[in-house]
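Notes for the structure review
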Amino acid sequence: MRGHQKSLPNLKFLHHQSTAQITPSTSSIRQKFQENRTYRKFQKENSLQIDQNQSVTPVMNNAVKLLRQNYIQKTEPNETSEKQNGIAENQKKSNQKPTSFKFLYRPMTKQNSELMQTLRVASNLPEVNHVYYVSDLIRAYESKDSYFNRLFQDHLQASFMAFKQCATSKIIFRPKPLFLPKDPKDQRKYTLLLDLDETLVHCSLDVRLPCEKKLNIRLSPSEILQVGLTIRPGLQNMLENLQPHFEIIIFTASHVQYAKKIVEFIDPKKIISNVLSREHCCFTSLGQYIKDLSIIKNRSLSKTILVDNSAFSYFYQIDNGVPIIPFYDNKQDKQLALLTKYLIGVVGQEDIREYNQRYLKTYLLEKLDSLEQIIDNYKAQINSKKT
Ligand SMILES: [Mg+2]
């Protein structure tokens, strides 16, 4: 057993996510879950697309080892494996991914990203009636294929599936109630919980890939994890603009030491006041880490928001959740600027859940039975604002 695991004797099961069990069903959604699970299983077994029969370099061996340690929460298909393919062309032959997972977003690699430049959505400033997330989502379904349009479509589909999956799962670990320290002089009304991976930053365990900063993270006296960090554009501006109104806290499903090290680097002005990590998440029978905001006893849910690229994170308090498409390495990403504008609109609201219901309508993902119905509802919302 590794040193860091000894310090968490009651959380052994959290280190292994392959326990998901889904009752066989003939429904199409269940079939997609099953396919998704098979896909993830494949990813786990051959997470870097390295053919077990081929010779593997020591560097690759190390990368595989690190990836399997699962310190970082990865809720999307493993982008490292995609990039690995670009580095070792001959390993493409070992790529045996099922072909039926087109709904899953496949991150672009650095190698082919230039080819998509002409397809990227122009970074126009949002129009007056622009609704964060929803307007871009509708545009993604109504305009031609592009990098960001695919991200929005895949994110909605993944969120829809995640909610349906969460509805069938059971909690097998629930964290203790939590009392967060707060300066009595702090008059800020609102608490903003921000996910880390693929929301604020992207970290790769393959440090040979392009990144902004390579960090060595000590997880235990004998273990160091090396990651390549890329920060989402606009992060610093967002923190500074929201700081007057929001107490800002990181809530990640990743390892606590990893999270603290990343926060130390991305927040030199110490705007982020706290870090909640994996041990503060619920763990379900389907292998999900869900962030139950009700464990925070000294904050009001009417004033607490969670921004997370993984929709299941806020499944227990859907109206407190704010979606965001995942970030990998695209410098054209404008989501944090748009998110900031949306969150500034929260200021003055008595109950942020009503605000989210009115604009984001994330509850539709749980309430409605098909993506088509959800998209139609969103279209009606956008069209009503235009008239
Ligand atoms: Mg995330």
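See the structure printed just above.
Bear in mind that the values here come from a model prediction, so they are computed numbers and not experimental data.

**Things to note about the packing of aromatic side chains**
One pass over the structure, following the stated rule, counts 12 aromatic pairs. Ring geometry for Phe283 and Tyr289: centres 5.0 Å apart, planes at 50°, overall tilted. Each member of the pair, Phe283 as well as Tyr289, carries the same accessibility label: buried. Within the aromatic cluster, the residues linked to one another by ring pairs are Tyr132, Tyr133, Phe152, Tyr342, Tyr355 and Tyr359. Across the ring face of Phe251, the terminal group of Lys291 is positioned such that the distance to the ring centre comes to 5.7 Å.

**Overview of the sheet that holds strand β10 (residues 304-308)**
In space, the 5 strands of this open sheet follow the order β7-β6-β2-β10-β11, with parallel pairing throughout. With one partner strand each, in any of the chains shown, β7 (272-276) and β11 (321-323) form the two edges of the open sheet. Averaged over neighbouring strand pairs, the angle between their axes works out to 25° when direction is ignored. Both β10 and β11 contribute to a ladder of 3 bridges, which runs parallel. When the bridges of β11 are listed, Val307 appears paired with Val322. Across the sheet, helix α11 (residues 352-359) touches β2 (190-194), β10 and β11, and the angle it forms with β10 is around 45°.

**Section: the pattern of salt bridges**
Taken as a whole and assessed by the stated rule, the structure comprises 13 salt bridges. One salt bridge connects Arg299 with Glu247, and the closest N-O pair in it is separated by 2.6 Å. Within this pair, whereas Arg299 is found in the loop between β9 (289-290) and β10, its partner Glu247 is found in strand β6 (residues 246-251), the two being separated by 52 residues in sequence. The residue Asp351 makes a salt bridge to Arg353 at a minimum N-O spacing of 2.9 Å.

**So, the nonpolar core**
Ranked by size, the top nonpolar core spans 91 residues in total, and within it Ile262 and Leu343 carry the most contacts. Take this core: its biggest share by element is 9 residues, from helix α7 (residues 147-166). Those residues within four positions of Ile262 in sequence are excluded, and the remaining contacts are Leu196, Val201, Cys203, Leu215, Ile217, Val227 and Leu229.

About the criteria used
Residues numbered from 1 in each chain as written. Predicted model: local features only at pLDDT ≥ 70, side-chain atom pairs only at ≥ 80, totals over all residues. Heavy atoms only, no water. Phe/Tyr/Trp six-rings, centres within 6.5 Å; stacked < 30°, edge-to-face > 60°. Buried < 20%, exposed > 50% of the residue type's maximum accessible area, 1.4 Å probe, protein only. Lys NZ or Arg CZ within 6 Å of the ring centre and 35° of its normal. Pairing = 2+ DSSP bridges. Helix = DSSP H or I, 4+ residues; strand = E, 2+ residues; numbered from the N terminus. Axes fitted to C-alpha atoms, helices over the stretch in contact; angles between N-to-C directions. Contact = heavy atoms within 4.5 Å. Salt bridge = Lys/Arg side-chain N within 4 Å of Asp/Glu carboxyl O. Core = buried A, V, L, I, M, F, W, Y, C linked by side-chain atoms within 4.5 Å.

Fair warning: the whole summary comes from geometry, so function is off the table for now.
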